[in-house]
Amino acid sequence: DGGITQSPKYLFRKEGQNVTLSCEQNLNHDAMYWYRQDPGQGLRLIYYSQIVNDFQKGDIAEGYSVSREKKESFPLTVTSAQKNPTAFYLCASSMLARQETQYFGPGTRLLVL
Amino acid sequence: SQQGEEDPQALSIQEGENATMNCSYKTSINNLQWYRQNSGRGLVHLILIRSNEREKHSGRLRVTLDTSKKSSSLLITASRAADTASYFCAGGGADGLTFGKGTHLIIQP
(Lines give C-alpha, C1' and ligand atoms only; values in the text may rest on other atoms or scores of the structure.)
Protein backbone atom coordinates (compact mmCIF):
# COMPACT_ATOMS: atom_id res chain seq x y z
CA ASP A 1 0.00 0.00 0.00
CA GLY A 2 3.03 2.30 0.04
CA GLY A 3 2.67 5.77 1.51
CA ILE A 4 -1.03 6.18 0.79
CA THR A 5 -3.62 5.87 3.51
CA GLN A 6 -7.37 5.75 3.15
CA SER A 7 -9.94 5.99 5.88
CA PRO A 8 -12.20 4.61 7.00
CA LYS A 9 -11.86 1.01 5.84
CA TYR A 10 -15.65 0.59 5.92
CA LEU A 11 -18.24 3.34 5.66
CA PHE A 12 -22.00 3.17 5.92
CA ARG A 13 -24.23 5.73 4.30
CA LYS A 14 -27.87 6.42 5.00
CA GLU A 15 -30.24 7.51 2.27
CA GLY A 16 -29.84 11.19 1.42
CA GLN A 17 -26.58 11.52 3.30
CA ASN A 18 -23.27 12.88 2.01
CA VAL A 19 -20.17 11.01 3.14
CA THR A 20 -16.50 11.86 2.73
CA LEU A 21 -13.69 9.40 2.11
CA SER A 22 -10.21 10.41 3.14
CA CYS A 23 -7.01 9.89 1.12
CA GLU A 24 -3.57 11.04 2.26
CA GLN A 25 -0.16 10.42 0.68
CA ASN A 26 3.37 11.12 1.89
CA LEU A 27 5.09 10.22 -1.38
CA ASN A 28 5.38 13.85 -2.53
CA HIS A 29 3.39 12.94 -5.63
CA ASP A 30 1.76 15.67 -7.65
CA ALA A 31 -1.07 13.62 -9.14
CA MET A 32 -3.86 11.89 -7.23
CA TYR A 33 -6.81 9.83 -8.39
CA TRP A 34 -10.08 8.32 -7.21
CA TYR A 35 -11.40 5.09 -8.71
CA ARG A 36 -14.53 3.09 -8.14
CA GLN A 37 -14.48 -0.72 -8.34
CA ASP A 38 -17.62 -2.86 -8.51
CA PRO A 39 -17.59 -6.65 -7.94
CA GLY A 40 -15.83 -8.50 -10.73
CA GLN A 41 -15.06 -5.25 -12.53
CA GLY A 42 -12.07 -3.17 -13.35
CA LEU A 43 -11.43 0.32 -12.03
CA ARG A 44 -13.35 3.33 -13.29
CA LEU A 45 -11.92 6.83 -12.84
CA ILE A 46 -14.05 9.26 -10.84
CA TYR A 47 -11.81 12.33 -10.48
CA TYR A 48 -8.15 13.16 -10.75
CA SER A 49 -5.93 16.06 -9.75
CA GLN A 50 -2.53 16.86 -11.20
CA ILE A 51 -1.83 19.90 -9.05
CA VAL A 52 -3.07 21.57 -5.89
CA ASN A 53 -6.33 23.51 -6.30
CA ASP A 54 -7.08 21.87 -9.63
CA PHE A 55 -8.96 18.69 -10.49
CA GLN A 56 -10.69 17.12 -13.46
CA LYS A 57 -13.69 14.84 -13.93
CA GLY A 58 -13.07 11.26 -14.89
CA ASP A 59 -15.45 8.84 -16.58
CA ILE A 60 -18.03 8.62 -13.78
CA ALA A 61 -17.92 11.92 -11.86
CA GLU A 62 -21.68 12.41 -11.48
CA GLY A 63 -22.74 12.28 -7.82
CA TYR A 64 -19.20 12.81 -6.52
CA SER A 65 -17.12 15.86 -5.56
CA VAL A 66 -13.48 16.37 -4.59
CA SER A 67 -11.11 19.03 -3.31
CA ARG A 68 -7.32 19.40 -3.45
CA GLU A 69 -6.34 22.07 -0.95
CA LYS A 70 -3.08 20.34 -0.01
CA LYS A 71 -0.66 18.28 -2.05
CA GLU A 72 -0.94 15.40 0.42
CA SER A 73 -4.72 15.18 0.58
CA PHE A 74 -7.49 14.41 -1.91
CA PRO A 75 -10.82 13.73 -0.16
CA LEU A 76 -13.80 12.36 -2.07
CA THR A 77 -17.38 13.20 -1.14
CA VAL A 78 -20.12 10.84 -2.22
CA THR A 79 -23.20 13.00 -2.42
CA SER A 80 -26.86 12.06 -2.14
CA ALA A 81 -27.07 12.51 -5.90
CA GLN A 82 -25.09 9.27 -6.34
CA LYS A 83 -27.93 6.76 -6.42
CA ASN A 84 -25.81 3.60 -6.44
CA PRO A 85 -22.85 4.35 -4.16
CA THR A 86 -22.18 0.83 -2.88
CA ALA A 87 -18.70 -0.02 -4.14
CA PHE A 88 -15.02 -0.29 -3.26
CA TYR A 89 -13.26 3.08 -3.59
CA LEU A 90 -9.55 3.27 -4.32
CA CYS A 91 -7.29 6.29 -4.13
CA ALA A 92 -3.99 6.41 -6.00
CA SER A 93 -1.14 8.79 -6.68
CA SER A 94 1.65 9.17 -9.22
CA MET A 95 4.70 11.34 -9.72
CA LEU A 96 3.50 13.52 -12.55
CA ALA A 97 2.27 12.10 -15.80
CA ARG A 98 -1.05 10.34 -15.60
CA GLN A 99 0.12 7.37 -17.63
CA GLU A 100 2.96 6.47 -15.30
CA THR A 101 2.95 4.01 -12.39
CA GLN A 102 0.23 4.64 -9.86
CA TYR A 103 0.45 3.73 -6.17
CA PHE A 104 -2.74 2.67 -4.48
CA GLY A 105 -4.17 2.96 -1.01
CA PRO A 106 -5.90 0.02 0.74
CA GLY A 107 -9.39 1.16 -0.27
CA THR A 108 -12.65 2.09 1.44
CA ARG A 109 -15.74 -0.07 1.13
CA LEU A 110 -18.92 2.00 1.11
CA LEU A 111 -22.22 0.37 1.97
CA VAL A 112 -25.70 1.85 1.97
CA LEU A 113 -27.96 1.23 4.96
CA SER B 1 -14.60 2.71 -22.08
CA GLN B 2 -12.11 0.15 -20.83
CA GLN B 3 -8.74 0.11 -22.51
CA GLY B 4 -7.61 -3.34 -21.42
CA GLU B 5 -9.44 -6.60 -21.75
CA GLU B 6 -7.90 -9.57 -19.93
CA ASP B 7 -8.25 -13.19 -20.93
CA PRO B 8 -9.13 -15.53 -19.35
CA GLN B 9 -11.48 -14.04 -16.77
CA ALA B 10 -10.52 -16.79 -14.33
CA LEU B 11 -7.68 -19.30 -14.20
CA SER B 12 -7.04 -22.15 -11.79
CA ILE B 13 -3.74 -24.06 -11.84
CA GLN B 14 -1.67 -26.29 -9.60
CA GLU B 15 1.13 -24.85 -7.51
CA GLY B 16 4.41 -24.98 -9.39
CA GLU B 17 2.80 -24.61 -12.82
CA ASN B 18 3.15 -21.51 -14.98
CA ALA B 19 0.26 -19.07 -15.36
CA THR B 20 -0.29 -17.00 -18.49
CA MET B 21 -2.72 -14.11 -18.77
CA ASN B 22 -3.41 -12.06 -21.85
CA CYS B 23 -4.50 -8.49 -22.35
CA SER B 24 -5.80 -6.72 -25.44
CA TYR B 25 -6.19 -2.98 -25.73
CA LYS B 26 -7.91 -0.68 -28.16
CA THR B 27 -6.07 2.59 -28.69
CA SER B 28 -2.50 3.83 -28.86
CA ILE B 29 -0.55 3.57 -25.62
CA ASN B 30 2.74 4.84 -24.22
CA ASN B 31 3.06 1.89 -21.87
CA LEU B 32 1.24 -1.18 -20.62
CA GLN B 33 1.19 -1.94 -16.92
CA TRP B 34 0.21 -4.97 -14.86
CA TYR B 35 -1.17 -4.72 -11.34
CA ARG B 36 -2.12 -7.29 -8.76
CA GLN B 37 -4.98 -7.10 -6.28
CA ASN B 38 -5.47 -9.39 -3.33
CA SER B 39 -9.06 -9.77 -2.19
CA GLY B 40 -10.40 -6.60 -0.59
CA ARG B 41 -7.11 -4.74 -0.93
CA GLY B 42 -5.60 -2.01 -3.06
CA LEU B 43 -3.72 -2.63 -6.29
CA VAL B 44 0.01 -3.25 -6.32
CA HIS B 45 2.09 -2.33 -9.35
CA LEU B 46 3.96 -5.31 -10.80
CA ILE B 47 5.64 -4.22 -14.00
CA LEU B 48 5.55 -1.55 -16.70
CA ILE B 49 6.55 -2.14 -20.32
CA ARG B 50 6.93 0.80 -22.68
CA SER B 51 5.60 0.85 -26.21
CA ASN B 52 9.12 0.52 -27.70
CA GLU B 53 9.88 -2.61 -25.63
CA ARG B 54 8.88 -6.15 -26.59
CA GLU B 55 9.69 -8.12 -23.46
CA LYS B 56 10.50 -7.43 -19.84
CA HIS B 57 11.34 -9.61 -16.85
CA SER B 58 11.03 -9.08 -13.12
CA GLY B 59 11.74 -12.06 -10.89
CA ARG B 60 9.20 -14.76 -11.79
CA LEU B 61 7.27 -12.38 -14.04
CA ARG B 62 7.68 -12.08 -17.78
CA VAL B 63 5.70 -9.55 -19.78
CA THR B 64 5.50 -9.27 -23.55
CA LEU B 65 4.03 -6.49 -25.65
CA ASP B 66 2.98 -6.67 -29.28
CA THR B 67 1.91 -3.20 -30.39
CA SER B 68 0.96 -4.43 -33.87
CA LYS B 69 -1.64 -6.75 -32.31
CA LYS B 70 -2.41 -4.38 -29.43
CA SER B 71 -1.82 -7.20 -26.96
CA SER B 72 0.28 -8.08 -23.95
CA SER B 73 0.83 -11.20 -21.90
CA LEU B 74 1.89 -11.78 -18.30
CA LEU B 75 3.61 -15.05 -17.44
CA ILE B 76 4.11 -16.07 -13.84
CA THR B 77 6.52 -18.98 -13.58
CA ALA B 78 6.66 -21.60 -10.82
CA SER B 79 3.42 -20.37 -9.27
CA ARG B 80 2.91 -20.31 -5.51
CA ALA B 81 -0.25 -20.32 -3.40
CA ALA B 82 0.54 -16.69 -2.49
CA ASP B 83 0.14 -15.72 -6.17
CA THR B 84 -3.62 -16.20 -5.82
CA ALA B 85 -5.06 -12.78 -6.66
CA SER B 86 -6.67 -10.76 -9.44
CA TYR B 87 -4.38 -9.38 -12.10
CA PHE B 88 -5.19 -6.25 -14.10
CA CYS B 89 -3.60 -4.76 -17.16
CA ALA B 90 -3.76 -1.02 -17.67
CA GLY B 91 -3.00 0.92 -20.81
CA GLY B 92 -1.09 4.14 -20.18
CA GLY B 93 -1.72 6.96 -22.61
CA ALA B 94 -2.70 10.58 -22.90
CA ASP B 95 -5.93 9.89 -21.01
CA GLY B 96 -4.08 8.29 -18.10
CA LEU B 97 -4.47 4.66 -17.10
CA THR B 98 -7.43 2.61 -18.25
CA PHE B 99 -7.92 -0.74 -16.55
CA GLY B 100 -9.40 -4.00 -17.76
CA LYS B 101 -11.71 -6.20 -15.71
CA GLY B 102 -8.94 -8.49 -14.57
CA THR B 103 -8.04 -12.17 -14.50
CA HIS B 104 -8.74 -13.98 -11.25
CA LEU B 105 -5.92 -16.45 -10.65
CA ILE B 106 -6.27 -19.32 -8.20
CA ILE B 107 -3.27 -21.44 -7.31
CA GLN B 108 -4.27 -24.85 -5.95
CA PRO B 109 -1.85 -26.20 -3.31
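Since the model is a prediction, treat every value here as computed from it, not as a measurement. (Residues numbered from 1 in each chain as written. Chains lettered and ligands numbered in written order. Predicted model: local features only at pLDDT ≥ 70, side-chain atom pairs only at ≥ 80, totals over all residues. Heavy atoms only, no water.)

**Comments concerning the overall build of chain A**
- In terms of regular secondary structure, chain A is built from zero helices and 11 strands.
- When the helices and strands of chain A are listed from N to C terminus, the series reads β-β-β-β-β-β-β-β-β-β-β.
- For 113 residues, the compact-globule estimate of 2.2 N^0.38 gives 13 Å, and the C-alpha radius of gyration of chain A, at 13 Å, lies within 12% of that figure.
- Viewed in the frame of its principal axes, chain A has a C-alpha envelope of about 35 × 25 × 20 Å.
- The burial tally for chain A puts 50% of its 113 residues in the buried class.
- By sequence separation, contacts in chain A at least 24 residues apart represent 54% of the contacts at least 6 residues apart.
- In the form shown here, chain A has an accessible surface area of approximately 5400 Å², with 49% of it arising from carbon and sulfur atoms. (Helix = DSSP H or I, 4+ residues; strand = E, 2+ residues; numbered from the N terminus. Rg over C-alpha atoms; globule rule 2.2 N^0.38 Å. Buried < 20%, exposed > 50% of the residue type's maximum accessible area, 1.4 Å probe, protein only. Contact = heavy atoms within 4.5 Å. Areas by Shrake-Rupley, 256 points an atom, 1.4 Å probe, with all protein chains shown as cover.)

**Focus: the side chain of A:Thr101**
- For A:Thr101, the location among the structural elements is in the loop between strand 9 (87-94) and strand 10 (103-104).
- The class of A:Thr101 is buried, set by a relative accessible area of 15%.
- Separated by 3.4 Å, the side chains of A:Thr101 and B:His45 make a polar contact.
- Setting aside residues no more than four positions away along its own chain, A:Thr101 makes contact with A:Ser93, A:Ser94, B:Gln33, B:Tyr35, B:His45 and B:Leu48. (Polar contact = N/O pair within 3.5 Å; in protein donor to acceptor, adjacent residues only side chain to side chain.)

**Observations concerning the sheet that holds strand 8 (residues 76-78) of chain A**
All names here are of chain A.
- If you trace the four strands from one edge of the open sheet to the other, you get 1-3-8-7, paired in antiparallel fashion. The outermost strands of the open sheet, each flanked by one partner alone, are strand 1 (4-7) and strand 7 (64-66). With direction set aside, neighbouring strand axes in the sheet form an average angle of 20°. (Pairing = 2+ DSSP bridges. Axes fitted to C-alpha atoms, helices over the stretch in contact; angles between N-to-C directions.)

**Comments concerning the pattern of salt bridges**
- Going through the model one piece at a time under the given rule, you end up with seven salt bridges over all chains.
- Salt-bridge contacts for A:Lys71 lead to A:Asp30; the nearest nitrogen and oxygen are separated by 3.6 Å. Of this pair, A:Lys71 sits in the loop between strand 7 and strand 8 while A:Asp30 is found in the loop between strand 3 (19-25) and strand 4 (31-37), placing the two residues 41 residues apart along the sequence.
- Taking the shortest distance from any N to any O, the salt bridge between B:Arg50 and A:Glu100 comes out at 3.1 Å. Here B:Arg50 is found in strand 5 (residues 43-50), whereas its partner A:Glu100 is found in the loop between strand 9 and strand 10 on a different chain.
- A residue is classified by how much of its surface remains accessible, and A:Glu100, at 23% relative accessible area, is partly exposed.
- Shared partners join several salt bridges into a network, and the residues in it are A:Arg36, A:Asp38 and A:Arg44. (Salt bridge = Lys/Arg side-chain N within 4 Å of Asp/Glu carboxyl O.)

**Remarks on the interface of chain B and chain A**
- Listed per partner, the contact involves 23 residues of chain B and 18 residues of chain A.
- Approximately 1600 Å² of surface area, both sides summed, lies buried where chain B meets chain A, with 46% of it carried by carbon and sulfur atoms.
- Applying the counting criterion to the chain B and chain A interface returns one salt bridge.
- Remark: the boundary between chain B and chain A carries four residue pairs in polar contact (both at pLDDT 80 or more).
- Contributions of two or more residues to the side of chain B that touches chain A are made by strand 4 (31-37), strand 5, strand 9 (85-93) and strand 10 (96-99) of chain B.
- Residues that form the side of chain B that touches chain A fall into these classes: seven nonpolar, 12 polar and four charged. (Buried area = accessible area lost by both parts, 1.4 Å probe. Nonpolar A, V, L, I, M, F, W, Y, C, P; charged D, E, K, R; others polar.)

Functional significance is not addressed by these values, which are geometric in nature.
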